[in-house]
Each structure stands twice: as structure tokens, then as C-alpha cells.
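Remarks on the overall topology
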Amino acid sequence: MPQNRTSKANSAKVKCSSALYAVALVLIILLGVFLAYLFYYGPSTANVSDNFLYADYAHQIYVGHAGSLPSNDVLAQQYLLLAGIAAFYAAFGVASPFTASLFGVLCFALTIAIIYKIGALLYGRGAGLVSALVYSFNPVAVINASYVGDNGPMALFASACVLFLILGMQEKRVARSGTYFLLSGFSAMIGVLVTVQSAEILVFVAPFALFYAIREKSTASLLNIGLFALGIAIAVACTALVEFSIGNPPLLVFSLNYNAYSAGAGHTPQIGNYTRWLFPANPASQLNPAQAAYSSGMSSGLYGYAALLGAVYLLFRRNFRFFVPAFWSVSTLLYMGYGSLSLLDYVPISYSRVRFMLIFIPALALIIGFSLLDMAEILRKNRLKILGLLLPGLIVIALFINSAGIIQFVGLSQYKHTYQLSQTGSFLLGLPADVPVYGNIEPLDVYAHYKPNFVESEYDFFPPFYFGSNCSMLAVPNASVAKICGLREAFASSQPPAYLDAYRLFDNDSFRIYENITVYYKAA
């Protein structure tokens, strides 16, 4: 009887502990979502027009015009991303730019949960929680969450691929293990329909899976490798089917990306950019958000150094279990820096952006989380329990403060560059439904909630779209054309508040294309 009571008590403790971890994970996810929306003012301008195009293409799918998506545009082939955004349009309408961001934020929340699960499987639930927490306020992850962009969702598919592979390796039941391997291969390749860069996770998971098969030397492990390859093949078939269903060549997404990104073939490797972003020459500069915001519009802050120091600490401790996320980050980093766009010829990858690092930033979070928990455990065993809580806690707080500054800087920079778009959109919203608005409407249509009176057209007095120093991205003509054609000013956006002068997204004037928007009308 006492033994039975003890068993029940232990079971109750396990359930209570699981509930506490679940509550903690939910709170971490809520923190990440809160940060993602703290400085959200609409689709980000940090990729110039890319994120507005994602929103517009998703709107075309939402209204049933998927067949009209341009077949020569790489961005229009990212159907899983566009369908995700369109699904939220269908659920909540297009009455706010906020709706366009929901898919990316959902992917961010799911990625946090997956990182927790990977950490728990490899190192225990405590390490999983700390890893999830560290990722939830990583500046690149947070900023990309509400971008209406592709790299945040890419992190989800890369992390899901790794999770399924680890589950498959740890599962003892043959059928379930095979299912996990199948899902891992499928997740690695279906992410191409979010961004083709998703496939780069294969440089980690494929060798990792082969290592597993060599180590196991069993029929079941060989079968699992076959199922992993089958998952990849199914994803490729799904991609081809989607393209075929709307009248495109079956593998158009691959050829378009190859042509787009091979334009710079022959240049120097990109590894230098990534190492500079991960390990800035002056780490103290990361404490100044204005210096931490690189020309690509964001920064990983001190995360590179934190992960490197965590790895060195674990090496010193001879705790080699961190090799899984270490191999994940190093393999994908090297491929992004030196890899090829083609498996037949060496065609260097010609493009580098901080946001691309989201394919391995989850791995950095895992290294940081594991090293901090290991440090806390060692100090606790040496009867330094308070120091075991204080030292890791101070490191997490330092990373959070660093991230918060970068998130605020980039968020207010986006506000500065969308300020006039939002103003003009509000004006257009107030126009009567029967008043047509001519011109190159994007991205004003997002801010005017896709009013049906927008006409994408070069009206009789509307010049072709151009980049100008005084004004661009107009609903109707510029001042000189207005004078010639006898147009009158209906609305002119005001300048952003003075306190935003210090904020910038880029080191150049790329984003002036969204400044000085004026709306004219033709006099009777």
C-alpha cells in the first residue's frame, strides 16, 4: 500500500512538472509574439518591395486569381507562403495590414515550440525552455516574424525537419520511426514553396541521417534513409503538381531561382558577410542599436559570440552533446558562404542577407540554452546554487537588453519608412467607392485595404513608374506632370515626426522611394 501511494505521488509530481513546463513555454511564446508586434506598423520595407509583393500576391490568391500570378517572378512561386497569408485573409479579411502578418507570426510561435522540443529531446526540458526563451527574443527572428516575408517561415520548416529526424532516430518502434524520417525529408524540401533557401537544411540533415544509418548498421536504419529520400521526392512531386495546376512548367520554381541567383556567378564567396554579422569586430558596438543595424536592416546582436562561447565552454567540459546544433549551424553557414546553386556545376551563391541566417539561428539558440543549463547544473553541484542561477540569468538578461535595443531601432526605422504610406492609405480609404485611383498602386493597396477602385494602369497623364529623388510610388503623377496636365493636389503626406530622424533601415537612400507621396486629381 505505501509503495502504491508513493507511485501515485510520483505520478502527480510528473504531471505537475509537465504542466509547469507547458505554462512556461506558452509564456515564452507570448513574449515572442508581443515583441513581434511591439513595433509593427505594416509589412516591412526592409526588403524594399518584396514583402509588399508577398501581400499582394496572397491577395490575388484570396480573390481567386492565382492563375494571374506572374510566372517569371521568383516571389510569385513561393506558393506555401502566399497560401498561408491568403488563408488569414480568408479568415479575417483584408481590413488591416495586420492580417498579412499573422502567418509569419504563427510560424515564429511554432518555431519557438519546436526549438523547445528539440532541446528537451537532446538535453532535457530545462535546456529546451532556455533555448526557446533565447530564440523568442532573437532580433533577427523577432523582426522577421511580422515582416510578411519568407525567412521566418523558412526557420519553421528547417526546425521541423531537424525535429522529425531526431524523433525518428530516438523512436524504437520501426513504423513510427520510418514515419518521422519521411516527414523529415518532406519538411526539408516542401519549404522550397516558402523560399528555395529552405532546401539548404539538407546539407545538415542528409549527412546526419547517413551517420545514423552507418552507426546503426541495421535493415530498419537503411529503410529509414529510403523513407527520408521518399519524403524529399514527395515534396518535389507536390511542388511540380502545384506549378502544373496553374499552367506553369512543373519545376519552374527551381529554374527561376537558379536564374535569379546565378546572375552574380563568379564573384567572391559570401562567408565574410556572415562571419562579420555573427562576430562583429567590435562587440561593444552591438550595445549601440544604431551601429548594430547593418546595411541589411537588422543584426543578430551578440548571439554569435554567445553561441561561440557556449560551444567553447562545452568543449572544455568535454560535453560533446552540443555537436548536433553545432553541426547544424556550421554546415549551413559554410554552404551559404561557399555553396553552389547547381549540383552539376559550381555556381556560387551570389546573395547574402542577415535574415538568411534564420536557417541556423535556432541551432545557435540550442547551443546557448544547453551551455547555460550545463553551467547552472555544475555550479549547483558545487554548492554554488545562487551563482548557478545568477550567472546564466545575467547572460540571458544581457542578450535580451541587446536584442530589445535592436528590435526597437529597426521597428521605429520601419515606422519612419511606412509613415507616409500609412497616411496616404488612410486618405485613399476615405475616397468614395466610385472614384478610381490610377497608377502603380503597390504598396498603397495594402494600406488602403485593397479597395476595388484601384486600377493598376498608366493613365493618360501617368508616367511609367520610376525611382526619383523627390518622389516616387505615387497614386497619381508627380508635380511637373501635374502642372502640365492641369492636375490639382488632393493630398500630400506629411513628414515623419522629428524624433524618427535618427532611425534608418539602410545606410543608403534605397527607401526614399516611399517618401513624399502626393495624390492629385484631374480638374474638370
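See the structure above.
Heads up: these notes are all about the structure in this document. (Residues numbered from 1 in each chain as written. Predicted model: local features only at pLDDT ≥ 70, side-chain atom pairs only at ≥ 80, totals over all residues. Heavy atoms only, no water.)

Now for the nonpolar core. Of all hydrophobic cores here, the largest spans 141 residues; its most connected members are Tyr135 and Ile201. Examining the composition of this core, we find that 14 residues originate from one element, helix α4 (residues 98-123), more than from any other. Apart from the residues within four sequence positions on either side, Ile201 is in contact with Ala158, Cys161, Val162, Ala188, Trp328, Thr332 and Ile359. (Core = buried A, V, L, I, M, F, W, Y, C linked by side-chain atoms within 4.5 Å. Buried < 20%, exposed > 50% of the residue type's maximum accessible area, 1.4 Å probe, protein only. Helix = DSSP H or I, 4+ residues; strand = E, 2+ residues; numbered from the N terminus. Contact = heavy atoms within 4.5 Å.)

This paragraph deals with unusual backbone geometry. In this structure, Val148 is a non-glycine residue whose phi angle is positive, near 60 degrees. In this structure, Arg318 takes a positive phi of about 55 degrees despite not being glycine. As for its position among the elements, Arg318 is in the loop between α14 (303-316) and α15 (323-338). With relative accessibility at 63%, the residue Arg318 sits in the exposed group.

With that out of the way, let us pick up the packing of aromatic side chains. Taken as a whole and judged by the stated rule, the model has 23 aromatic pairs. Ring geometry for Phe204 versus Phe208: centroids 5.3 Å apart, planes at 15 degrees, classification stacked. Of this pair, Phe204 and Phe208 both sit in helix α9 (residues 202-216), separated by four residues, roughly a single helical turn. In this pair, the class of Phe204 matches that of Phe208, namely buried. Ring centres of Tyr415 and Tyr419 lie 5.7 Å apart, and the angle between their planes is 75 degrees; this geometry places the pair in the edge-to-face category. Here Tyr415 and its partner Tyr419 are both found in helix α17 (residues 385-429), four residues apart, which amounts to about one turn of the helix. The class for Tyr415 is partly exposed, based on a relative accessible area of 21%. (Phe/Tyr/Trp six-rings, centres within 6.5 Å; stacked < 30°, edge-to-face > 60°.)

Another point: the packing of helix α3 (residues 79-92) against α4. Two packed helices can be described by the angle between their axes and the distance between those axes. α4 packs onto α3 with a crossing angle of 125 degrees between their chain directions and a minimal axis gap of 8 Å. Judged on the interaxial angle alone, α4 and α3 are oblique. When you trace α3 past α4, the crossing you get is right-handed. Residues Leu80, Leu81, Gly84, Ile85, Phe88, Tyr89 and Phe92 of α3 form the contact with α4, whose participating residues are Thr99, Ala100, Leu102, Phe103 and Leu106. (Axes fitted to C-alpha atoms, helices over the stretch in contact; angles between N-to-C directions. Parallel < 35°, antiparallel > 145°, perpendicular 65-115°, else oblique. Left-handed = near helix turned anticlockwise from the far one by under 90°.)

Time to look at empty space enclosed by the protein. The rolling of a water-molecule-sized probe over the atoms marks out the regions of remaining empty space. The final tally for this structure, using the stated rule, is three cavities of 30 Å³ or more. As a volume, the largest cavity reaches approximately 110 Å³. Taken together, 14 residues line the largest cavity, and the ones lying closest to its centre are Ala36, Phe39, Ile143, Ser146 and Gln414. Within the lining of the largest cavity, the residues separate by chemical class into nine nonpolar, five polar and no charged. (1 Å grid on protein atoms, 1.4 Å probe; cavity = no way out; pocket = protein on both sides within 12 Å on 5 of 7 lines; lining within 4 Å. Points joined across faces, edges and corners; volume = space filled by probe spheres on them. Nonpolar A, V, L, I, M, F, W, Y, C, P; charged D, E, K, R; others polar.)

Honestly, it's all geometry; don't read function into it.
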